[in-house]
Amino acid sequence: MSEVKLSAETRSEFGKGAARRIRRDSKVPGVLYGHGSDPIHLTLPGHELLLALRTPNVLLSLDIDGKTNELAIPKSVQRDPIKGFLEHVDLLLVKRGEKVTVEIPVHTEGELAAGGNLLEHVLNALPVEAEATHIPESVTVSIEGLEAGASVLAKDITLPNGTTLAVEEDAVVLQVLAAQAEESAEGEAEGDEAAEA
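Residues numbered from 1 in each chain as written. Predicted model: local features only at pLDDT ≥ 70, side-chain atom pairs only at ≥ 80, totals over all residues. Heavy atoms only, no water.

A. Quick look at the sheet that holds strand β1 (residues 3-10). If you walk around this closed barrel you meet the six strands as β1-β3-β2-β6-β5-β4, and the pairing is mixed. Strand-to-strand twist across the sheet, computed as the mean angle between neighbouring axes with direction ignored, equals 45°. Here strand β2 (residues 27-34) pairs with strand β6 (residues 86-94) via four bridges, running parallel. When the bridges of β6 are listed, G30 appears paired with V89. Along the sheet face, helix α1 (residues 16-24) touches β2, β3 (37-45) and β6 and points at about 120° away from the line of β2. (Pairing = 2+ DSSP bridges. Helix = DSSP H or I, 4+ residues; strand = E, 2+ residues; numbered from the N terminus. Axes fitted to C-alpha atoms, helices over the stretch in contact; angles between N-to-C directions. Contact = heavy atoms within 4.5 Å.)

Okay, here's the thing in structure tokens:
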């Protein structure tokens, strides 16, 4: 897992006006909280943070005002719904060796059995517990040859060493659905024609 270093500044101005000024300077307002300490209100560099957040559960090494160095993971990210720029970020303070619960993306490889079956991602992300400095970026599941009715449970997924499930073992992660029969669509079309006549 990669660790990204960012310079952050504490901020004393709050509210919409202050947040707009921060964003106008290509920065992002954020809050760092955790470990029972008081929340620290920060201003973070916008472009560097945006690049860092492309990695799920990225570990951020924050140099705060050039005085303290803290480790954090993103907990909540708010984006502008139209333009996509970062509006605000909540960061969770972590320590080396500490276990944290996060969701990691589930990727698939291979082809389903022939017959036009559909793969449904019941869980797009798998809740796991891992050491804060060793959070896996994702897990990959083979769906090679799976037929309709097959499912992949959380316990069937191989996790990296030091990572454990934070969800029921029998939770369905992926399932294969049978393709809808074309006959039913044709039958509906014939029924429509009969209704028109």
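After that view, the rundown keeps rolling.
B. Structural context of the nonpolar core. Grouped together as the largest cluster of nonpolar side chains are 22 residues, with contacts concentrated most on I73 and L126. Only β5 (68-79), β6, β7 (99-109), β9 (125-131), β10 (139-142) and β13 (172-177) provide two or more residues apiece to this core. Of the residues forming this core, the biggest block, four residues, is contributed by β7. Non-local contacts of L126, meaning those with residues more than four positions away in its chain, are made with V102, E103, I104, V106, V139, A154, I157, L159, L165, V167 and V173. (Core = buried A, V, L, I, M, F, W, Y, C linked by side-chain atoms within 4.5 Å. Buried < 20%, exposed > 50% of the residue type's maximum accessible area, 1.4 Å probe, protein only.)

C. Summary view of α1. Every buried residue of α1 is listed here: A18, A19 and I22. End-on view of α1: buried residues confined to an arc of 100°, all on one side of the axis. Facing away from the buried surface of α1 by more than 90 degrees, the exposed residues are K16, R20 and R24. Check the buried side of α1 and you find it contacts β2 and β3. (Arc of directions from axis to C-beta.)

D. Representation of the side chain of H88 within the structure. Summarising the element assignment, H88 is placed in strand β6. H88 gets classed as buried once you look at its relative accessible area, which sits at 18%. In contact with H88, not counting residues within four places along its chain, are R11, V28, P29, G30, V31, S76, V77 and Q78.

E. Fine view of the pairing of β7. By the bridge criterion, seven bridges tie β7 to β9 in an arrangement that is antiparallel. Counterpart to P105 in the pairing with β9 is A125. Relative to β10, β7 runs parallel, the two being bridged by four bridges. What sits directly across from T108, in β10, is V141.

F. Highlighting the pattern of salt bridges. For the coordinates displayed, the defined rule picks out two salt bridges. Salt-bridge contacts for K27 lead to E9; the nearest nitrogen and oxygen are separated by 3.4 Å. Residue K27 is found in strand β2, and its partner E9 is found in strand β1; the two are separated by 18 residues along the sequence. For E9, a relative accessible area of 40% gives the class partly exposed. A salt bridge links D170 to K155, with the shortest nitrogen-to-oxygen separation between them at 3.3 Å. Linking D170 in the loop between β12 (164-165) and β13 with K155 in the loop between β11 (151-153) and β12, this pair joins segments that are 15 residues apart in sequence. Residue classification places D170 among the exposed positions, given a relative accessible area of 52%. (Salt bridge = Lys/Arg side-chain N within 4 Å of Asp/Glu carboxyl O.)

G. Quick peek at the confidence of the model for the protein chain. Of all residues in the protein chain, 90% attain a pLDDT of 70 or more, and the chain-wide mean is 81. Note on residues 183-187: pLDDT is under 50 here. Beyond four places in sequence and across chains, it has zero contacts. (pLDDT = per-residue confidence, 0-100.)

H. Main features of the environment of S26. If you trace the backbone, S26 turns up in the loop between α1 and β2. Residues contacting S26, with those up to four places away along its chain left out, are P45, G46 and H47.

I. Local environment of the environment of A154. Position of A154 relative to the elements: it lies in the loop between β11 and β12. Sequence separation between A154 and T133 is 21 residues; the distance between their C-alpha atoms is 23 Å.

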